[in-house]
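Descriptive analysis of the structure
The primary structure of each chain is shown beneath.
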Amino acid sequence: MWWFQQGLCFLPSALVVWSAASFIFSYITAVLLRHIDPLVPYISDTGTIPPERCLFGIMLNISTFLGIATVYVRYKQVYALSPGEPKIARLNKAGFTLGIISCFGLCIIANFQKYTLFYMHVVGACLTFGIGAIYILVQTILSYTMQPKLFWIRVIVLLWCGSSIASMFVSSVLLYSGLYGTDLVQKLHWNSQEKGYIVHIISTISEWSLAFSFLSFFLTYIRDFQKISLHADISLSGHSVCNTPNSFVADEHTLLIGGHL
């Protein structure tokens, strides 16, 4: 059995691979069509103009679904491993709520592109990365008591995420303060001799760094999810959509157990 076939580890694996592919494929498409500069554009700029915008949107929508599934399985895992511990239960519920909100923000980013509705795009980014960073913090705290071996790895990722957010925030505030011109939001092509170019590069590098810090965090779920299995219990209430007597169900169940069809 391959490692990705063990338990539910395919969920965080698929989330990381698919999300990274959504960034890379839209970037390659935008560069080949000369819609953006090849040197570290904003991630949002790679999904601004068709056709890469369509690719960017649909792939991030699938990432949203994978993110929700991963957050839910993590919630159920912590819930099962810590019965009767109210503090962990409260943190777990808070983490689940934060994770769902962060995934919803990713859906907003996918469907409200930078040039279409800029302020909604910013709201989506704040929900995805801002609330998402708090989600990482909550899961790191949970790891302290439940998974000491993974705790320090998640602390490193949390520090990476926090430093990327701080760098991106400071550089973006400076860039859009008006010191380097106006309408920079709509600017896709930069010249290295322009004012604000260095600040722009710092901001874009910080954004890519932040995105990959999130993906790195979900990579830490793979080992945990290898120990989780999913199964469905199916209970038949009849042979059709119509209601049937309970005796019929009992008889059918007996026949199935006995092996007579």
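For the structure, see preceding data.
Residues numbered from 1 in each chain as written. Predicted model: local features only at pLDDT ≥ 70, side-chain atom pairs only at ≥ 80, totals over all residues. Heavy atoms only, no water.

Here's the deal with the packing of helix α1 (residues 10–32) against helix α2 (residues 52–81)
- Across the interface, α1 lies against α2 with an axial gap of 9 Å and an inter-helix angle of 165 degrees. Between α1 and α2, the interaxial angle falls into the category roughly antiparallel. Here α1 and α2 pass one another in a crossing that is left-handed.
- Looking at the contact of α1 with α2 residue by residue, the classes come out as 17 nonpolar, 7 polar and 1 charged. (Axes fitted to C-alpha atoms, helices over the stretch in contact; angles between N-to-C directions. Helix = DSSP H or I, 4+ residues; strand = E, 2+ residues; numbered from the N terminus. Parallel < 35°, antiparallel > 145°, perpendicular 65-115°, else oblique. Left-handed = near helix turned anticlockwise from the far one by under 90°. Nonpolar A, V, L, I, M, F, W, Y, C, P; charged D, E, K, R; others polar.)

Here's the deal with the packing of α2 against helix α4 (residues 118–146)
- In contact at an axis separation of 12 Å, α2 and α4 are set at 30 degrees when each is read in the N-to-C sense. Judged on the interaxial angle alone, α4 and α2 are roughly parallel. Once α2 is placed against α4, the crossing between them reads as left-handed. Across the interface between the two elements, V71, R74, V78 and L81 from α2 touch Y135, Q139, L142, S143 and M146 from α4.
- Broken down by class, the residue content of the contact of α2 with α4 amounts to 6 nonpolar, 2 polar and 1 charged. (Contact = heavy atoms within 4.5 Å.)

Describing the nonpolar core
- Judged by nonpolar contacts, the single largest core of 41 residues is most densely connected at F23, L60, Y135, F217, F218 and F225.
- Elements represented by at least two residues in this core include exactly α1, α2, α3 (86–111), α4, α5 (148–175), α6 (197–219) and α7 (221–225).
- Formed by 7 residues, the second largest nonpolar core is a distinct cluster that contains Y42, L184, Y197 and I201. (Core = buried A, V, L, I, M, F, W, Y, C linked by side-chain atoms within 4.5 Å. Buried < 20%, exposed > 50% of the residue type's maximum accessible area, 1.4 Å probe, protein only.)

As for the side chain of D37
- Here D37 lies in the loop between α1 and α2.
- Buried within the structure, D37 lacks any salt-bridge partner; K187 is the closest side chain of opposite charge, at an N-O distance of 7.7 Å.
- A polar atom in the side chain of D37 sits 3.0 Å from the side chain of H189.
- Leaving out residues up to four positions away in the same chain, D37 has contacts with V31, L188, H189 and W190. (Lys, Arg positive; Asp, Glu negative; His and termini not counted. Salt bridge = Lys/Arg side-chain N within 4 Å of Asp/Glu carboxyl O. Polar contact = N/O pair within 3.5 Å; in protein donor to acceptor, adjacent residues only side chain to side chain.)

Overview of the packing of aromatic side chains
- Inspection of the entire model under this criterion finds 16 aromatic pairs.
- Here the aromatic rings of Y27 and W208 are separated by 6.3 Å at their centres, their planes lie at 85 degrees, and the arrangement is edge-to-face. Separated by 181 residues along the polypeptide, Y27 in helix α1 and W208 in helix α6 bring together distant segments of the chain.
- The exposure class of Y27 is partly exposed, given its relative accessible area of 24%.
- By relative accessible area, W208 is classed as buried at 15%.
- Ring geometry for Y72 and F96: centres 6.2 Å apart, planes at 65 degrees, overall edge-to-face. With Y72 in helix α2 and F96 in helix α3, this residue pair connects regions lying 24 residues apart in the sequence.
- Its relative accessible area of 43% is what places Y72 among the partly exposed residues.
- Aromatic rings pair up to connect Y135, F217, F218, Y221 and F225 into one cluster.
- Lying across the ring of W190, K187 places its NZ or CZ 5.2 Å from the centre. (Phe/Tyr/Trp six-rings, centres within 6.5 Å; stacked < 30°, edge-to-face > 60°. Lys NZ or Arg CZ within 6 Å of the ring centre and 35° of its normal.)

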